[in-house]
Amino acid sequence: MRHTVSMAREHRYTVIIEHGEDSGFVAVCSALGAVSQGATRDAALANVREAMILAIEDFAESGEALPPDTGATTEQISIAV
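Every value quoted in this text rests on a predicted model; they were computed, and no experiment measured them.

The rules behind each value
Residues numbered from 1 in each chain as written. Predicted model: local features only at pLDDT ≥ 70, side-chain atom pairs only at ≥ 80, totals over all residues. Heavy atoms only, no water. Helix = DSSP H or I, 4+ residues; strand = E, 2+ residues; numbered from the N terminus. Rg over C-alpha atoms; globule rule 2.2 N^0.38 Å. Buried < 20%, exposed > 50% of the residue type's maximum accessible area, 1.4 Å probe, protein only. Contact = heavy atoms within 4.5 Å. Lys, Arg positive; Asp, Glu negative; His and termini not counted. Charge placed at Lys NZ, Arg CZ, Asp CG, Glu CD. Salt bridge = Lys/Arg side-chain N within 4 Å of Asp/Glu carboxyl O. Expected span 1.5 Å × (residues − 1). Patch = residues over 30% accessible without salt bridge, like charges linked within 9 Å, V, L, I, M, F, W, Y side chains within 5 Å. Areas by Shrake-Rupley, 256 points an atom, 1.4 Å probe, with all protein chains shown as cover. Pairing = 2+ DSSP bridges. Axes fitted to C-alpha atoms, helices over the stretch in contact; angles between N-to-C directions.

### Details of the overall build of the protein
Reasoning step 1: Tallying secondary structure elements over the protein gives 1 helix and 3 strands in all.
Reasoning step 2: For 81 residues, the compact-globule formula gives about 12 Å, and the C-alpha radius of gyration of the protein, at 15 Å, lies well above that figure.
Reasoning step 3: Taken over the C-alpha atoms alone, the protein extends approximately 55 × 25 × 20 Å along its principal axes.
Reasoning step 4: In the protein, which comprises 81 residues, the share counted as buried stands at 22%.
Reasoning step 5: When contacts within the protein are restricted to residue pairs at least 6 apart in sequence, long-range pairs at least 24 apart make up 40% of them.
Reasoning step 6: The centroid of the 5 positive side-chain charges in the protein is displaced by 8 Å from the centroid of its 12 negative side-chain charges.

### Here's the deal with the environment of Glu-50
Reasoning step 1: You can see Glu-50 is positioned in helix H1 (residues 41-62).
Reasoning step 2: A C-alpha to C-alpha distance of 14 Å links Glu-50 and Val-26, two positions 24 residues apart in sequence.

### Observations concerning the pattern of salt bridges
Reasoning step 1: The tally for this structure, following the rule as stated, stands at 1 salt bridge.
Reasoning step 2: For the salt bridge of Glu-10 with Arg-12, the shortest nitrogen-to-oxygen distance reads 3.2 Å.
Reasoning step 3: According to the relative accessible area criterion, Arg-12 is exposed, its value standing at 67%.

### Observations concerning H1
Reasoning step 1: In this model, H1 (22 residues) spans 31 Å end to end at C-alpha, consistent with the 32 Å of a helix rising 1.5 Å per residue.
Reasoning step 2: All of the buried residues along H1 are Ala-44, Val-48, Met-52, Ala-55, Ile-56, Glu-57 and Phe-59.
Reasoning step 3: In this structure, the buried residues of H1 make contact with strand E2 (25-29) and strand E3 (34-38).

### Focus on a nonpolar patch on the surface
Reasoning step 1: Together, Ile-77, Ile-79 and Val-81 give the surface a local cluster of nonpolar side chains, amounting to about 450 Å² of exposed area.
Reasoning step 2: Within the secondary structure, Val-81 sits in the segment after H1.

### Focus on the sheet that holds strand E1 (residues 16-19)
Reasoning step 1: One open sheet holds the 3 strands; their spatial order is E1-E2-E3, and the pairing between them is antiparallel. Looking at the sheet topology across the chains shown, the edges are occupied by E1 and E3. Ignoring strand direction, the axes of neighbouring strands in this sheet form an average angle of 20°.
Reasoning step 2: Across the sheet, H1 lies against E1, E2 and E3, angled at about 150° from E3, the strand it touches most.

Shown next, in the form of structure tokens:
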């Protein structure tokens, strides 16, 4: 694993969690292009965190600036059909 980033600093990104098609959960961080899944919500979050760390390390290694958070928000909308 490559979890050593010199001068580590905290980065905050929005993660969207949804129920998987068949079972479990899917977690997506659109800003970093990180997607993962897990049998439980906590597992999906842990897995997407790992994917996010790898994405951030890839940005750092390539010299690219980290993208800003998308600032995604959620709303529930009721629709009567």
